[in-house]
Amino acid sequence: MNKLLKTLPQDDEYYMPGEFEPHQGCWMIFPERIDNWRKNAEPAQDVYAKVANTINKYEPVIMITSPRTKEIATKLLDPTIKILVFENDDAWMRDVGPTFLKNKNGDVRAVDWIFNAWGGLNGGLYYPWDNDDKISAEVSSYLKIDRYRTSFVLEGGSIHVDGEGTLYTTEECLLNPNRNPHLSKIEIEAALKQYLNVKKVIWLPYGIFNDETSGHIDNMLCVVKPGAVLLAWTDDQNDPQYERSRAALKFIEATTDAMGRKIKVIKLPIPTPMYTTNEDTSDIIGKEHVKARLENTRLAGSYVNFYIANGAIILPIFNLATDQQAINIIGAAFPHYKIEPIYAYEILLGGGNIHYITQQQI
């Protein structure tokens, strides 16, 4: 086992299931960068541990740490959480980890995408990123599963699937020339179909305003089940997010999914806009080739950025008046799941949220 395959998942009849399907577990990476996380990353470490411990109540969690942070993680994590030591560059498992595929017999393989830190040296968020680019191969080796290594730059947060042939993504991200400038939209779509075995790609124009991932779909939309999605929304015409959400809704309403169904859209209001403060940014130690964390920056807050565990929704909240509305809407969309809200502002300060820091293993 654990071969590097030269074939394609589409030809081998492997496909990516929806996140709402049963998991074997969840993978995460423990944060430590003092040039991205404030206060020596300690507040972020506390919240990552809370997310991991909460998910671990519903499915097993494996936490990757560097040798430098294993002891800290061990103190914060539930003792049933397995800790693996792999060198890493930052803590965004959704984007650096493998995408797990299965076939009709339940056999599992992994897609190992090229990772370039959301844009390489042309707008990327840090350099170097070679340790992160190795994570997929290391996870596949640990699990003893075969993997497909692509020649294609992609992050896991830029795709959502319904498990029945439909993939959602954004043009803002996948057509950004700092990912795959040599490929056209048609060629990128063909690669998605080859590696994820989907039949239809739904291209939303944009993601969330000021999302430093170039507009990942998982901050904008989540698949509830085949034929139904949650869409980040605002009714405030003065908010830059307003036209982005309207454009997404207009596009979705004019199309169907891979099975020919009209897609039900559930509007999920975005949080009250949040901006970084001096306290959020003043003690972050800036470095060359790393995105600076500056005061008074609009944060790309979204309640869509949750993790679907086996039987629970791990939901970011921000101690805002909009939190309860999000809990109610998501609870109605997932009536058989327990909603587990976690105050996740510290994760947002680092550039993402709960979905970004997790990756389900099927």
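Residues numbered from 1 in each chain as written. Predicted model: local features only at pLDDT ≥ 70, side-chain atom pairs only at ≥ 80, totals over all residues. Heavy atoms only, no water.

Engineer: Even after reading the chapter, I still don't get the overall build of the protein, so can you show me in this structure?
Structural biologist: Across its full length, the protein holds twelve helices and 17 strands. Since a compact globule built from 362 residues should have a radius of gyration of about 21 Å, the 19 Å found for the protein is in line with a globular shape. In terms of overall dimensions, the protein has a C-alpha envelope of 50 × 50 × 45 Å along the principal axes. Burial statistics for the protein: of 362 residues in total, 60% are counted as buried. Across the protein, contacts joining residues at least 24 apart in sequence account for 76% of those joining residues at least 6 apart. Within the structure as shown, the protein displays about 14500 Å² of accessible surface, and the carbon and sulfur contribution to it stands at 50%. Across the protein, 37 positive and 47 negative side-chain charges occur, with their mean positions spaced 4 Å apart. (Helix = DSSP H or I, 4+ residues; strand = E, 2+ residues; numbered from the N terminus. Rg over C-alpha atoms; globule rule 2.2 N^0.38 Å. Buried < 20%, exposed > 50% of the residue type's maximum accessible area, 1.4 Å probe, protein only. Contact = heavy atoms within 4.5 Å. Areas by Shrake-Rupley, 256 points an atom, 1.4 Å probe, with all protein chains shown as cover. Lys, Arg positive; Asp, Glu negative; His and termini not counted. Charge placed at Lys NZ, Arg CZ, Asp CG, Glu CD.)

Engineer: Whenever I open this one, the sheet that holds strand β10 (residues 200-204) confuses me. Can you help?
Structural biologist: Strand pairing in a sheet relies on backbone hydrogen bonds, with the paired strands running either antiparallel or parallel. Taken together, three strands build an open sheet; the order of strands is β8-β9-β10 and the sheet is mixed. Of all strands in the sheet, those bounded by a partner on one side alone are β8 (160-161) and β10. The pairing of strand β9 (residues 166-170) with β10 spans five bridges and is parallel. Across the sheet, the residue bridging to Leu167 is Val201, located in β10. In the packing of helix α8 (residues 185-196) onto the sheet, the strands contacted are β9 and β10, and the crossing angle to β10 comes to about 130°. (Pairing = 2+ DSSP bridges. Axes fitted to C-alpha atoms, helices over the stretch in contact; angles between N-to-C directions.)

Engineer: Help me out: how do you make sense of the packing of aromatic side chains in this one?
Structural biologist: The full count for this structure, using the stated rule, is 13 aromatic pairs. Between the aromatic rings of Phe115 and Trp118, the centroid separation amounts to 5.0 Å while the plane-to-plane angle is 90°, which identifies the pairing as edge-to-face. Put simply, the rings of Trp37, Tyr48, Trp92 and Tyr356 touch in pairs and so form one group of aromatic residues. Against the face of Tyr126 rests Arg33, its NZ or CZ located 4.7 Å from the ring centre. A cation over a ring is seen here: Lys267 above Trp233, with NZ or CZ 4.2 Å from the ring centre. (Phe/Tyr/Trp six-rings, centres within 6.5 Å; stacked < 30°, edge-to-face > 60°. Lys NZ or Arg CZ within 6 Å of the ring centre and 35° of its normal.)

Engineer: I'm lost on the sheet that holds strand β11 (residues 221-225) in this one. Help?
Structural biologist: Spatial ordering of the open sheet is given by β11-β12-β13, a layout of three strands whose pairing is mixed. Taken across any chain shown, the strands that pair with only one partner, and hence form the sheet edges, are β11 and β13 (264-269). Averaged over all pairs of adjacent strands, the angle between their axes in this sheet comes to 30°, without regard to strand direction. As judged from the six bridges shared by strand β12 (residues 228-233) and β13, these two strands associate in the parallel manner.

Engineer: Would you take a moment to explain the pattern of salt bridges for this structure?
Structural biologist: Two side chains carrying opposite charge are able to pair once their charged atoms lie near each other. By the definition in use, this model includes 24 salt bridges. Linking Arg68 and Glu32 is a salt bridge whose minimum nitrogen-to-oxygen distance equals 3.0 Å. Linking Arg68 in the loop between β3 (61-65) and α3 (70-76) with Glu32 in the loop between β2 (25-29) and α2 (42-55), this pair joins segments that are 36 residues apart in sequence. Note on Arg68: relative accessible area 49%, which makes it partly exposed. Of the charged contacts in the structure, one is a salt bridge between Lys39 and Glu279, with a shortest N-O distance of 3.8 Å. Note that Lys39 is positioned in the loop between β2 and α2 and Glu279 in helix α10 (residues 278-281), a separation of 240 residues in sequence. Its relative accessible area of 37% is what places Lys39 among the partly exposed residues. Connected via shared salt-bridge partners are Arg38, Lys39, Glu279 and Glu346. (Salt bridge = Lys/Arg side-chain N within 4 Å of Asp/Glu carboxyl O.)

Engineer: Explain the side chain of Arg33 to me, please; I cannot follow it from the model alone.
Structural biologist: By the secondary structure assignment, Arg33 is in the loop between β2 and α2. A relative accessible area of 15% means that Arg33 is categorised as buried. In this structure the side chain of Arg33 is engaged in a polar contact, spanning 2.8 Å, whose partner is the backbone oxygen of Asp89. Not counting residues within four places of it along the chain, the set of residues in contact with Arg33 comprises Ala41, Asp89, Asp90, Tyr126 and Val290. (Polar contact = N/O pair within 3.5 Å; in protein donor to acceptor, adjacent residues only side chain to side chain.)

Engineer: Please clarify how the state of the cysteines should be interpreted in this entry.
Structural biologist: Disulfide: a covalent bond connecting the sulfur atoms of a pair of cysteines. Inspection of every chain in the model, using the stated rule, returns zero disulfides. In this structure Cys26 is not part of a disulfide, and its nearest cysteine sulfur, from Cys222, lies 14 Å away. Given a relative accessible area of 2%, Cys222 falls into the buried group. (Disulfide = S-S within 2.5 Å.)

Engineer: I would appreciate a short explanation of the nonpolar core in the present structure.
Structural biologist: With 51 residues, the main nonpolar core has Met28, Val51 and Ile347 as its most contacted residues. Secondary structure elements with two or more residues in this core: β2, α2, β3, β4 (82-85), α4 (93-96), α6 (135-143), β14 (307-309) and β15 (312-317). At seven residues, α2 tops the list of elements feeding residues into this core. Those residues in contact with Met28, other than ones at most four positions away along the chain, are Tyr48, Val51, Ala52, Val61, Ile62, Met63, Ile64, Met93, Ile357 and Thr358. The next biggest cluster of nonpolar side chains, apart from the first, holds 45 residues, and it includes Ala248, Val304, Leu315 and Tyr345. (Core = buried A, V, L, I, M, F, W, Y, C linked by side-chain atoms within 4.5 Å.)

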